[in-house]
Amino acid sequence: MKTRIAAGLSALAAAGTLVALAPATAHASTPAIGRSCSGNEIGNLRYTTAKQPTVCANTGRALSWVRTGRVDPVTRRAGAGCSGAYSVASSPTGKALLCASGRWVRNP
């Protein structure tokens, strides 16, 4: 069975159709506080190599990775209630959500 799967993948690669198996959401930059990020990364919640939570934001001068507050370990949805125990959470798509006025919001 494994041999047939490997042969099938080899055939797809040779035909140039294996591209569809590549990850759809590749990250363009490595997050580090103050390092540049790209427009398609705005709002992405990521971690530095030192495990510091960061978000790609427009600082008014450039797009860069900025430090965030404590991140809720549970994935949350925009519009759901928040208690204020955590100031930041990740959405199911990896975007940063902020706890504001008792609700998880994007870009308040």
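This one's a predicted model, so the numbers in the text were calculated from it and none came from an experiment.

Chemist: With reference to specific residues and values, describe the pairing of strand E2 (residues 53-58).
Modeler: Among the 6 residues in E2, 5 count as buried, and that is most of the element. Pairing of strand E1 (residues 45-47) with E2, which is carried by 3 bridges, proceeds in the antiparallel orientation. Bridging across to E2, tyrosine 47 finds its partner in proline 53. Connecting the antiparallel pair E1 and E2 is a turn made up of 5 residues, with lysine 51 showing a positive phi of about 70 degrees.

Chemist: A description of unusual backbone geometry should follow, citing residues and the corresponding values.
Modeler: With a phi close to 70 degrees, lysine 51 is a non-glycine residue in the positive phi region. With respect to the element layout, lysine 51 can be found in the loop between E1 and E2.

Chemist: Kindly report on the pairing of strand E5 (residues 96-100), identifying the contributing residues and their values.
Modeler: Note that strand E4 (residues 88-90) and E5 share 3 bridges and pair antiparallel. When the sheet's bridge partners are listed, valine 88 is paired in E5 with leucine 98. Between the antiparallel neighbours E4 and E5 lie 5 residues, among them glycine 94 with a positive phi of about 85 degrees. Of the strand pairs in this sheet, E5 and strand E6 (residues 103-105) are connected by 3 bridges, and their pairing is antiparallel.

Chemist: I'd like to hear about the side chain of arginine 46, residue by residue, with values.
Modeler: Looking at where arginine 46 falls in the secondary structure, it is placed in strand E1. The buried category is assigned to arginine 46, whose relative accessible area is 16%. Polar side-chain contacts of arginine 46 include one of 3.4 Å to the backbone oxygen of serine 29.

Chemist: Any chance you could break down the nonpolar core for me, citing the residues and the numbers?
Modeler: Core analysis: the biggest nonpolar cluster contains 5 residues, these being Leu45, Val55, Val71, Val88 and Ala96. Sequence-distant contacts of valine 71, defined by excluding residues within four places in its chain, comprise Leu45, Tyr47, Pro53, Tyr86, Val88 and Ala89.

Chemist: Describe the pattern of salt bridges, listing the residues and the values that go with them.
Modeler: The final tally for this structure, using the stated rule, is 2 salt bridges. We note a salt bridge from arginine 46 to glutamate 41, for which the minimum N-O separation is 3.7 Å. Notably, a salt bridge pairs aspartate 72 with arginine 76, separated by 3.0 Å at the nearest N-O pair. For aspartate 72, a relative accessible area of 8% corresponds to the buried category.

Chemist: Please set out the state of the cysteines residue by residue, giving values where relevant.
Modeler: Under the counting rule described, the total for this entry stands at 2 disulfides. Two residues share a disulfide in this structure: cysteine 37 and cysteine 56, whose sulfurs sit 2.0 Å from each other. Taking the sign of the S-S torsion, about 85 degrees here, the bridge from cysteine 37 to cysteine 56 comes out right-handed. With cysteine 37 in the loop between helix H1 (2-15) and E1 and cysteine 56 in strand E2, this residue pair connects regions lying 19 residues apart in the sequence. With respect to burial, cysteine 37 and cysteine 56 carry one shared label: buried.

Chemist: So what about the confidence of the model for the chain? Which residues, and what values?
Modeler: Of the residues in the chain, 73% reach a pLDDT of 70 or more, and the chain-wide mean stands at 80. Considering only residues more than four positions removed or in separate chains, one finds that residues 1-26, a stretch of pLDDT under 50, has 5 contacts.

Conventions we followed
- Residues numbered from 1 in each chain as written.
- Predicted model: local features only at pLDDT ≥ 70, side-chain atom pairs only at ≥ 80, totals over all residues.
- Heavy atoms only, no water.
- Buried < 20%, exposed > 50% of the residue type's maximum accessible area, 1.4 Å probe, protein only.
- Helix = DSSP H or I, 4+ residues; strand = E, 2+ residues; numbered from the N terminus.
- Pairing = 2+ DSSP bridges.
- Polar contact = N/O pair within 3.5 Å; in protein donor to acceptor, adjacent residues only side chain to side chain.
- Core = buried A, V, L, I, M, F, W, Y, C linked by side-chain atoms within 4.5 Å.
- Contact = heavy atoms within 4.5 Å.
- Salt bridge = Lys/Arg side-chain N within 4 Å of Asp/Glu carboxyl O.
- Disulfide = S-S within 2.5 Å.
- pLDDT = per-residue confidence, 0-100.

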